[in-house]
Amino acid sequence: MKIGLIRERKIPSDKRVAFSPKQIIEIQNEYPNVFDFTVESSPVRCFTDQEYEDLGIKIGSDLSDCDLLMGIKEVPVEYLIPDKTYAFFSHTIKKQAHNRRLLQAILEKNIKLVDYEVLKDEKGERTVAFGRWAGIVGAYNGLLVYGQKSGLYSLKRAFECFDRTELELELKKVQLPPIKIVVTGGGRVGKGVLEVLQAVGIKQINPHDLIHQYYEEAVFAVLSSADYNRRKTDGGYDKYEFYAEPQKYESHFLKYAEVSDILIAAAYWDSRAPKLFSLKDISAEDFNISVIADITCDIDGSVPTTLRVSTIDDPVYDVDRETFEVIPPFGKQNSISVMAIDNLPTELPRNASEEFGNQLIHHFIPELVKEESRILDKATICKEGDLTIEYMYLEDFINQTEI
């Protein structure tokens with residue numbers, strides 16, 4: 001099987017890649033004479049062309065003879081090669097309107113699309129993801145923004161660090177007053193957040209104490225959905241009901257907003273679920289949060305102050321507490337500073353790519369050598385010019401006309 005690692009062309013550019021040079025050699029050693037790799041030349045990839053060539057891996061500009069083309073972000077429509085198999089994050093399974101044309105083009109070009117987001121094991125759990133690195137960089141950026149806003153310390157941007165080791169050296173500069181940090185989400189993203197806060201030496205406390213206790217040092221609490229969602233009828237909470245019918249619930253997050261200085265939002269959000277707070281809530285005098293690191297980065301999502309995404313080049317904007325409008329970062333003394341970068345792992349691309357590559361080696365590559373793979377079948381969005389049975393629900397989405 002000929003595998004091509006494609007150049008990332010989505011703007012802003014992404015530096016990540018499916019496999020590092022060493023990982024390609026590892027795959028070829030594990031499966032002799034099974035896989036032949038070609039890496040498309042790229043000036044922005046975190047591993048240079050030369051690093052691949054030094055290990056004898058072919059660099060090329062023509063991938064038309066490859067059987068499988070592997071990327072990370074969405075492939076611009078004009079670069080899709082017809083009649084091929086692609087694997088990347090398509091961001092289409094939730095009917096994301098900005099990628100409707102991409103899915104339409106994939107069908108028109110008779111492309112088989114395997115989406116990493118729906119690669120799952122027999123238990124239905126995702127096997128490959130960048131969530132941990134989104135959490136690590138997102139938490140780092142949240143602390144960076146607080147340092148900028150308060151003037152207490154200054155950190156190098158994450159993308160300016162060569163790797164995680166250098167980033168942890170930067171974290172030693174963080175000097176926090178006795179503030180409170182509230183974190184939502186305990187999944188992969190949340191665990192990445194936890195790594196950074198623990199590396200800084202910030203004390204973790206429980207949600208109850210975050211509200212009711214005073215501390216002479218910086219502290220943080222991680223909230224589960226039960227901590228800030230309650231049933232509308234009686235104030236109760238049932239985990240299985242909440243995930244099945246979140247529209248029956250309302251948020252009671254404001255009690256945490258009244259005592260916290262930084263919010264790091266790392267919880268997956270269902271559009272039927274309540275938002276953490278309303279935009280008008282930020283105008284209240286007792287809404288204390290001044291920095292929000294929204295790793296979820298859902299526009300009109302769980303964090304209403306995420307009015308637009310920010311970028312690695314322009315990472316922060318403020319939201320005016322009175323007009324609710326976007327203003328320049330740190331534009332007013334009491335405005336809320338928002339970091340909502342939607343491709344955080346590319347700020348530490350070498351580490352993120354290596355971990356992702358390891359996941360692919362363990363969970364994706366073995367499926368490619370099977371005659372039939374139920375796992376790959378369930379992760380295939382479309383093939384032979386049509387949606388697969390699993391994703392027929394997208395038919396109305398692709399047939400919609402752009403307004």
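Residues numbered from 1 in each chain as written. Predicted model: local features only at pLDDT ≥ 70, side-chain atom pairs only at ≥ 80, totals over all residues. Heavy atoms only, no water.

On to a positive patch on the surface, then. A contiguous patch of positive charge, built from Lys94, Lys120, Arg126 and Arg188, is present on the exposed surface. You can see Lys94 is positioned in the loop between strand 5 (85-88) and helix 3 (100-108). (Patch = residues over 30% accessible without salt bridge, like charges linked within 9 Å, V, L, I, M, F, W, Y side chains within 5 Å. Areas by Shrake-Rupley, 256 points an atom, 1.4 Å probe, with all protein chains shown as cover. Salt bridge = Lys/Arg side-chain N within 4 Å of Asp/Glu carboxyl O. Lys, Arg positive; Asp, Glu negative; His and termini not counted. Charge placed at Lys NZ, Arg CZ, Asp CG, Glu CD. Helix = DSSP H or I, 4+ residues; strand = E, 2+ residues; numbered from the N terminus.)

For the rest of this paragraph, the subject is the state of the cysteines. Tallying each qualifying case throughout the model produces zero disulfides. Cysteine Cys382 is unpaired, with the sulfur of Cys66 as its nearest cysteine sulfur at 19 Å. A relative accessible area of 0% places Cys382 in the buried class. (Disulfide = S-S within 2.5 Å. Buried < 20%, exposed > 50% of the residue type's maximum accessible area, 1.4 Å probe, protein only.)

Here we come to the packing of aromatic side chains. Taken as a whole and assessed by the stated rule, the structure comprises 19 aromatic pairs. Ring geometry for Phe89 versus Tyr116: centroids 5.1 Å apart, planes at 65°, classification edge-to-face. On the criterion of sequence distance, the pair formed by Phe89 in the loop between strand 5 and helix 3 and Tyr116 in the loop between strand 6 (112-115) and helix 4 (131-150) is long-range, its members being 27 residues apart. Overall, Phe89 belongs to the buried group, its relative accessible area being 9%. Ring pairs connect the aromatic residues Phe89, Tyr116, Phe130, Phe356 and Phe364, which therefore count as one cluster. Stacked on the ring of Tyr79, the Lys or Arg Arg9 has its end atom at 4.3 Å from the ring centre. (Phe/Tyr/Trp six-rings, centres within 6.5 Å; stacked < 30°, edge-to-face > 60°. Lys NZ or Arg CZ within 6 Å of the ring centre and 35° of its normal.)

This part is about the sheet that holds strand 12 (residues 262-265). Reading across the sheet, the eight strands line up as 8-9-7-12-13-16-14-15 and stay open at both edges, with mixed pairing between neighbours. Each edge of the sheet is formed by a strand with only one pairing partner; in this case those strands are strand 8 (203-204) and strand 15 (326-327). (Pairing = 2+ DSSP bridges.)

Moving on, we come to the sheet that holds strand 1 (residues 2-5). In spatial order, the strands read 3-2-1-4-5-6-17-18; together these eight strands make up an open sheet with mixed pairing. In this open sheet, the two strands that pair with only one neighbour each are strand 3 (58-60) and strand 18 (386-387). As paired elements, strand 2 (residues 36-40) and strand 3 share three bridges and run parallel to each other. Looking across to strand 3, one finds that Glu40 is bridged to Gly60. The strands touched by helix 1 (residues 21-30) within the sheet are strand 1 and strand 2, with strand 2 carrying the most contacts at an inclination of about 165°. (Contact = heavy atoms within 4.5 Å. Axes fitted to C-alpha atoms, helices over the stretch in contact; angles between N-to-C directions.)

Mapped onto the fold, Asp14 is located in the loop between strand 1 and helix 1. A distance of 2.8 Å separates polar atoms of two side chains, one belonging to Asp14 and the other to Arg16. At 3.1 Å, the side chain of Asp14 forms a polar contact with the side chain of Thr346. Setting aside chain neighbours within four positions, we find Asp14 in contact with Glu8, Val44, Lys73, Asn343 and Thr346. (Polar contact = N/O pair within 3.5 Å; in protein donor to acceptor, adjacent residues only side chain to side chain.)

If you add up the space inside the second largest pocket, you get close to 260 Å³. Forming the boundary of the second largest pocket are 15 residues, of which Met1, Lys112, Glu367, Leu368 and Leu376 lie nearest the centre. Secondary structure elements with two or more residues in the lining of the second largest pocket: strand 6, helix 12 (365-368) and helix 13 (374-378). When grouped by side-chain class, the residues that make up the lining of the second largest pocket number six nonpolar, two polar and seven charged. (1 Å grid on protein atoms, 1.4 Å probe; cavity = no way out; pocket = protein on both sides within 12 Å on 5 of 7 lines; lining within 4 Å. Points joined across faces, edges and corners; volume = space filled by probe spheres on them. Nonpolar A, V, L, I, M, F, W, Y, C, P; charged D, E, K, R; others polar.)

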